Amino acid sequence: MNYLKLVISVAGRYQESLIAELMEMEFNGFEQQEERIITYVPRGRLSAGDRERIEGILADCPGEGRVESEKVIADRNWNEQWERTIRPQRIGPFLVRPTWSREAATGEAVVLEIDPKMSFGTGYHETTRLMLRALPGLLDEGDRVLDAGTGTGILAIAACKLGASRALSVDIDRWSVTNARENVLLNGVKACVEVRLGSLEAVDEEERFELAMANIERNTIVELLEPMAARLAPGGRLLLSGLLSSDRGAVEEALPAGLQLTGESRENDWIALTARRTGS
Ligand code: SAH
């Protein structure tokens, strides 16, 4: 089968939503550059309607969104080409690598095997990296962890590999739930991670966690603050991302009583915030 390779210029902050739409049109293998996405679709699968939809989305993005170039390439090349762009990454104590990578873990690295079937949660997004780097400092051996918006499951898997006793992952996207379950098996943490379809309503009101984390986007984070905080054990911690530096104020304002911001880390324009539940 032949593939079409599309180079689309689009500003960084519109890339995630564009990718979500492209995935529905059977695009695959997204390589994100600062102002550009390179992606592939089986030739013949891209209808005139799809093209119009893409043009429509790009027209809605302020700035210079447009399809820069289009090229037909052979299947064989396609797989190799985009797999070659996926490099194993050291992030904090972790080595995140795709299953086909032969890069051996050196030293003490905790290996997370995640195939980049989706762009988010492969370790290639700033916010995923911020979450992974913050995790070791917030997690104690035996902690119970809530992972809201699990995506690939990467954060829950990481928590279990660091010694959490249980991680409960939820995601409203059915495909993410399937993908997270696959990755849980692949990483040998089935006894530790449970993945459920849904949001916080899928988590028992009585259940308590020492750490609750969510890497989604500002409005959802603000919405989820209350139900997440309600499920924190005394002294419990929150780890939040999917946030731009400019989102900090909105999150701080929405922080439920009894929670206090304790830290911030950043990469480019993205931040992660930590908070702690004070008192009992
Ligand atoms: N946790 C991963 C993936 C983050 S992407 C990481 O850090 O890399 C965000 C995920 O949140 C997506 O999979 C999306 O489906 C999910 N999501 C969005 N809104 C949600 C909500 N209200 N409740 C639960 N999950 C949600």
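Okay, so let's go over this structure. (Residues numbered from 1 in each chain as written. Predicted model: local features only at pLDDT ≥ 70, side-chain atom pairs only at ≥ 80, totals over all residues. Heavy atoms only, no water.)

## Some remarks on the site of the ligand
Link 1 in the chain: As a structural note, the neighbourhood of the ligand is formed by 17 residues, with Thr128, Gly149, Asp171, Ser199 and Asn215 the closest of them.
Link 2 in the chain: With respect to the ligand, the side chain of threonine 128 contributes an N or O atom lying 2.6 Å from an oxygen atom.
Link 3 in the chain: Burial of the ligand by the protein amounts to 87% of the accessible area it has alone, namely 580 Å².
Link 4 in the chain: Within the shell around the ligand, the residues separate by chemical class into five nonpolar, 10 polar and two charged. (Near = heavy atom within 4 Å. Polar contact = N/O pair within 3.5 Å; in protein donor to acceptor, adjacent residues only side chain to side chain. Areas by Shrake-Rupley, 256 points an atom, 1.4 Å probe, with all protein chains shown as cover. Nonpolar A, V, L, I, M, F, W, Y, C, P; charged D, E, K, R; others polar.)

## Details of the sheet that holds strand 10 (residues 193-197)
Strands belonging to one sheet form pairs held by backbone hydrogen bonds; the direction of such a pair is parallel or antiparallel.
Link 1 in the chain: Strand order in this open sheet of seven strands is 10-9-8-11-12-14-13, and the pairing throughout is mixed. The strands lining the two open edges of the sheet, one partner per strand, are strand 10 and strand 13 (259-267). Taken over all neighbouring pairs, the strand axes of this sheet differ in orientation by 15° on average, direction set aside.
Link 2 in the chain: Alignment of strand 12 (residues 232-244) against strand 14 (residues 270-277), held across six bridges, turns out to be antiparallel. When the sheet's bridge partners are listed, leucine 239 is paired in strand 14 with threonine 274.
Link 3 in the chain: Strands in contact with helix 4 (residues 126-138) are strand 11 (209-215), strand 12, strand 13 and strand 14; relative to strand 12, the strand with the most contacts, it is inclined by about 160°.
Link 4 in the chain: Of the strands in this sheet, strand 8 (144-148), strand 9 (166-171), strand 10 and strand 11 are in contact with helix 5 (residues 154-161), which crosses strand 11 at around 150°. (Pairing = 2+ DSSP bridges. Helix = DSSP H or I, 4+ residues; strand = E, 2+ residues; numbered from the N terminus. Axes fitted to C-alpha atoms, helices over the stretch in contact; angles between N-to-C directions. Contact = heavy atoms within 4.5 Å.)

## Section: the environment of serine 169
Link 1 in the chain: Structurally, serine 169 can be placed in strand 9.
Link 2 in the chain: For the pair serine 169 and glycine 198, spaced 29 residues apart in sequence, the C-alpha separation works out to 9.4 Å.
Link 3 in the chain: Not counting residues within four places of it along the chain, the set of residues in contact with serine 169 comprises Asp147, Thr150, Ala156, Val193, Glu194, Val195 and Arg196.

## Looking at the nonpolar core
Link 1 in the chain: With 36 residues, the main nonpolar core has Leu112 and Leu132 as its most contacted residues.
Link 2 in the chain: In terms of residues, this core owes the most to one element, helix 5, which gives seven residues.
Link 3 in the chain: If we ignore the near neighbours within four places in the chain, the residues touching leucine 112 are Phe94, Leu95, Val96, Arg97, Leu132, Ile154, Ile157, Ala158, Lys161 and Asn187.
Link 4 in the chain: One finds Leu225, Met228, Val251 and Leu255 within the second-largest nonpolar core, a separate group that totals 24 residues. (Core = buried A, V, L, I, M, F, W, Y, C linked by side-chain atoms within 4.5 Å. Buried < 20%, exposed > 50% of the residue type's maximum accessible area, 1.4 Å probe, protein only.)

## Observations regarding the packing of helix 4 against helix 5
Helix-helix packing is described using two parameters, namely the angle between the two axes and the distance between the axes.
Link 1 in the chain: Remark: helix 4 packs on helix 5, axes separated minimally by 11 Å, with the N-to-C direction vectors making an angle of 15°. In terms of their interaxial angle, helix 4 and helix 5 are classed as roughly parallel. In the packing of helix 4 onto helix 5, the handedness of the crossing is right-handed. Of the residues in helix 5, those touching helix 4 at Thr128, Met131, Leu132 and Leu135 are Ile154, Leu155, Ala158 and Ala159.
Link 2 in the chain: Per-class residue counts for the contact of helix 4 with helix 5 are seven nonpolar, one polar and no charged. (Parallel < 35°, antiparallel > 145°, perpendicular 65-115°, else oblique. Left-handed = near helix turned anticlockwise from the far one by under 90°.)

## Structural notes on helix 6 (residues 174-186)
Link 1 in the chain: Compared with an ideal rise of 1.5 Å per residue, which puts 13 residues at 18 Å, helix 6 spans 19 Å between its outermost C-alpha atoms and is within 8% of the ideal.
Link 2 in the chain: Among all positions in helix 6, only Ser176, Val177, Asn179, Ala180, Asn183 and Val184 are buried. Within helix 6, the buried residues cover an arc of 165° as seen down the axis, which keeps them to one side. Among the exposed residues of helix 6, those pointing more than 90 degrees away from its buried face are Arg174 and Leu185.
Link 3 in the chain: Among the structural elements, strand 7 (110-113), helix 5, strand 9 and strand 10 are those in contact with the buried residues of helix 6.
Link 4 in the chain: Just downstream of helix 6, glycine 188 is the residue with a positive phi angle, here 65°. (Expected span 1.5 Å × (residues − 1). Arc of directions from axis to C-beta.)

## Section: the environment of arginine 174
Link 1 in the chain: Structurally, arginine 174 can be placed in helix 6.
Link 2 in the chain: Taking relative accessible area as the criterion, arginine 174 reaches 60% and is therefore assigned exposed.
Link 3 in the chain: As a C-alpha pair, arginine 174 and leucine 197 span 23 residues in sequence and 6.5 Å in three-dimensional space.

By themselves these figures say nothing about function.
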